[in-house]
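# Survey of secondary and tertiary structure
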Amino acid sequence: MNINELCKDPLFQLNLAIWLAQPQPLSEFYVYPLFYESQLNIYSIGPRLALPLDIRLAVTEKIDFQDAIRPDLILTTAEKKKFCILECKSSSFGPNSSTAEQARTLLLVTGPVISEVLGIGKRGENEGILCYFLGSDGGELMEETLKILEKEIKDKTKLETGTYGCFEIKPSQTSIILEYPEKIKIFLNLTKDSPVEIIKFEEDTDPRPLYFVPYDPNIQQTKEEQELSRRILFERMLGHMISKIGGADIPYSVTFTTQELLDYATFGFYEIWEDNEAKKHLRRLVKDFLNQIKNFINEPLRESVIYEPQKGWSFNLKDRETHEEILKQLQKFKPENLDLSKKIGPTLFDDMGD
Amino acid sequence: MGMDEEMSEFDILKEIKSITSREKMIRYFDGYSAERMEELDERKIKHPLVKSYMLEHIGNAGQQKKVTEILAKLGVESQKIDEDIYCLLDKRTNGDYMGFLEVLTPRYFVFYTLQPSVKADRWVKNLVLNSSELDHIWLSGLTFNVLWQIVTKISKPHRYVSILFVHESIYQIDSEIYGDEDGEDEEISLSLDEEDVTEVVERRASKFKLVDKISVIQEKLSKLQELYSPLYAISQLRFPSPIGRGGHDFYDYGKVTNRSGNFRDHRSHILYVLKIYDELMRLTEEKAWYSIFKETVTIPGQFQKLIGAPVIIKFGEPLSKETFDYWIKSTFGRINNRFRLWGNPIILGPKKVHVYGVDKHLWKPIFIELTDKHLVAIVPRGTCGNTIHRLICNIQRYIDPAAKAYIGDIEYKSMVEQSSKGVKYKLEY
């Protein structure tokens, strides 16, 4: 297990950030609840935000920016005066990279317009900070990039940006450490000085906590992480199917749609992802997964499982025996035995909404 | 001839056929209880004692069914004799009169019966096993410790009280007994019958009853618990009757045996404990349920919040590698297991697994991290709070009697204390 690589994984970082905001006992914490202790609450996960029209006009042709962005997480202080826009990144980037467009937009969003962007007040009533979650040793370079981008915005557009900073996630022998500069601590009123030991773990053990968000098709992951994410996604979909079939009144036909399975398995995040190629790929993945389940179910029970485009997958539980047998077989299905790095090509039904 | 054999000849049908109203039922059970008390005094019990079983309907709010419908599906007919009181007949066994059901709320009800323990226990256990919408009320050792404090406050110090402690480290290595793949489909709290524990095993198994004056136990119990952790695993507690001798024995799976001469008092004790449980359930679900809260409904995906709190159960002492391995193997390696969980463990270390699984009693999802030091659970909205209480009960009983539980940053024990303080007079039941 390469813990250094794990600390760079944006999905791990996002789940870690969510855990930091979960109520937990300080004496027996699972992930040290630094954000919760500092009275920072999750305001929103993965919201789509857009710059106000006048700002867009003011910056057009002066700087490269994005019309709409989807930061990973927004945290807010108890009285909702200050907001922290959090972005998870596998590595730092330079001012000329394509990611810099997103960073310029985020810097503008965290400026005085944040009140308007979030729709909570008049311009200037709230304060924002842009924070990046990064793996070890990416902070310094990232800080440098943000400084250059801030100067560029000010010089070219005369607009005010929000403040910014980086949280670095570092492994030590038996713990994961969170490091952050003093300016973040002061702005967010964090209760602890950096560095903070946030996860303790044992030797030869993967330190990751339970994942709230198991999968995000829009991020870059290592092959190993991608496989694990896919497995968790499959386990959660299978769990949902077993729950729904197990609790059904017999006779009954239980139907699953791709949308429902993905929404359930991702805690509702599927809905917020932009409908791009990655999301289509995910739908293909689900269909392939359901096909694998169908093939796993023994004949003649397999006939009880039917796929219909536009409708979804139906499990016809005609009697108690069918119900029990299907449940038994689903409980024996092991997503870990699937080819978790399998490439899935486009199909005729890609755009059909089931 | 044993009591149960004698009881099987006892014709309950004749006795209760004439009961046609709530008042008649209460009067009958009251008189019956007084007679049994006399027999208890003479140490010659001729008929079974009154037993009550607290049950819960675990459907989602808004999707709740009538308990009579749930029972009908199981082959049990409910004959209404008064408002919220039903006489239950088992159609599967030639219409046997099993007892009476009082519906307190759409979620909670109590089954009163005069059937012998063995028959009644098995009957209720089977109802629960065969329905994903019914469950016992689960009173964990942690809850009983708070109830015990209440007993000390409301009873005179010279009164005698009985406490049963049950802890069996079934996952300490002794796999021969549980080697049978299909041998674990019994509801766990009911499985500790005498015949189950007769084997010679080399693992910790504590089951003993303590009967003494309240003042004596009050002085010693907390010290003893610190010295010997199985004493945290209270699985049965007697509330002394304020009216006369004897009392009401509460079991961890919601059974209550009336060992007093008064049924009205027996029923009031049940109502009191149920109110605490109801409040505890409300607090647990309010705090622990995880869900995505959408602030705007018009724009999909906008401003999603995550609401909820994790459940953390911390073990007093780390489990040995063997115990941990055996716990995981026997829970997730078998379709029928004591914890009634399904999941494929994702192994993250020698003593750490993640399970994105299902509580198979309720058929609801639950995500769990298990290590040698703790269990952490994420309970998505809609999964009944009952899952959490059952989990805590089972951890105390089979893994670590001294385990501490937290819902978010609040200790479960203080949540129970808060629930008991919050019990006020309500018109509901």
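Residues numbered from 1 in each chain as written. Chains lettered and ligands numbered in written order. Predicted model: local features only at pLDDT ≥ 70, side-chain atom pairs only at ≥ 80, totals over all residues.

## With respect to the overall build of chain B
This is how it is decided: Only DSSP runs of H or I with at least four residues qualify as helices, and only runs of E with at least two residues qualify as strands; both kinds are numbered from the N terminus onward. Each residue is classed by its C-beta neighbour count within 10 Å, where at least 20 other C-beta atoms makes it buried, 12 or fewer makes it exposed, and intermediate counts make it partly exposed; the C-beta atoms are placed from backbone geometry.
Across its full length, chain B holds 11 helices and 21 strands. Evaluated residue by residue, chain B yields a buried proportion of 48% over its 429 residues.

## Section: the interface of chain A and chain B
Threshold: With C-beta atoms placed from the backbone, a contact is any residue pair whose C-beta atoms sit within 7 Å. Any residue that is not Ala, Val, Leu, Ile, Met, Phe, Trp, Tyr, Cys, Pro, Asp, Glu, Lys or Arg is counted as polar, Gly included; the first ten are nonpolar and the last four charged.
Taken together, the contact between chain A and chain B spans 39 residues of the former and 38 residues of the latter. Sorting the residues of the side of chain A that touches chain B by element identifies β1 (40–45), α9 (223–246) and α12 (320–332) of chain A as the ones contributing at least two each. Per-element tally for the side of chain A that touches chain B: the top contributor is α9 of chain A, with nine residues. Classifying every residue of the side of chain A that touches chain B gives 14 nonpolar, 12 polar and 13 charged.

## What about the domain arrangement of chain A?
Put simply, the test is: For each domain, the first and last residues come from an automatic or database assignment.
Examined at the domain level, chain A breaks down into domain 1 (3–200) and domain 2 (223–335). A C-alpha centroid distance of 36 Å is found between domain 1 of chain A and domain 2 of chain A.

## Overview of the nonpolar core
Filter applied, for reference: We call a set of buried Ala, Val, Leu, Ile, Met, Phe, Trp, Tyr and Cys residues a nonpolar core when their C-beta atoms link them within 7 Å.
Counting residues in each nonpolar core, the largest one holds 209 residues, and the members touching the most others are Leu75 and Cys84 of chain A together with Ala377 of chain B. Ranked by residues supplied to this core, first place goes to helix α8 (residues 263–288) of chain B with nine residues. Dropping the residues within four chain positions of it, Ala377 of chain B is found in contact with Pro310, Val311, Ile366, Phe367, Ile368 and Leu391 of chain B.

## As for the sheet that holds strand β12 (residues 312–317) of chain A
Residue and element names in this part refer to chain A. To keep things clear, this is the line we draw: Strand pairing is assigned whenever DSSP identifies at least 2 bridges connecting the two strands. Interaxial angle, 0 to 180 degrees, is taken between N-to-C directions of lines fitted to C-alpha atoms, where a helix line uses only the stretch in contact.
The strand order β10-β12-β11 describes an open sheet built from three strands, whose pairing is antiparallel. If you trace the sheet from one side to the other, it starts and ends with β10 (252–256) and β11 (305–308), each paired once. Each adjacent strand pair in this sheet contributes to an overall mean axis angle of 25 degrees, direction not counted. Relative to β12, β11 is paired through four bridges, and the arrangement is antiparallel. Paired with Ile306 across the strands is Ser314, a residue of β12.

## Considerations on the packing of helix α6 (residues 141–154) of chain B against helix α11 (residues 412–421) of chain B
All names here are of chain B. Convention followed: Any angle from 65 to 115 degrees is called roughly perpendicular, while one under 35 is roughly parallel, one over 145 is roughly antiparallel, and all others are oblique. What makes a crossing left-handed is the near helix being turned counterclockwise from the far one by less than a right angle; a clockwise turn instead makes it right-handed.
The N-to-C vectors of α6 and α11 enclose an angle of 40 degrees; their axes lie 9 Å apart at closest approach. With respect to α11, the element α6 is oriented oblique. Crossing hand, α6 versus α11: right-handed. Contact residues: α6 offers Leu142, Thr143, Asn145, Val146 and Ile150, while α11 offers Tyr412, Lys413, Val416, Glu417 and Ser420.

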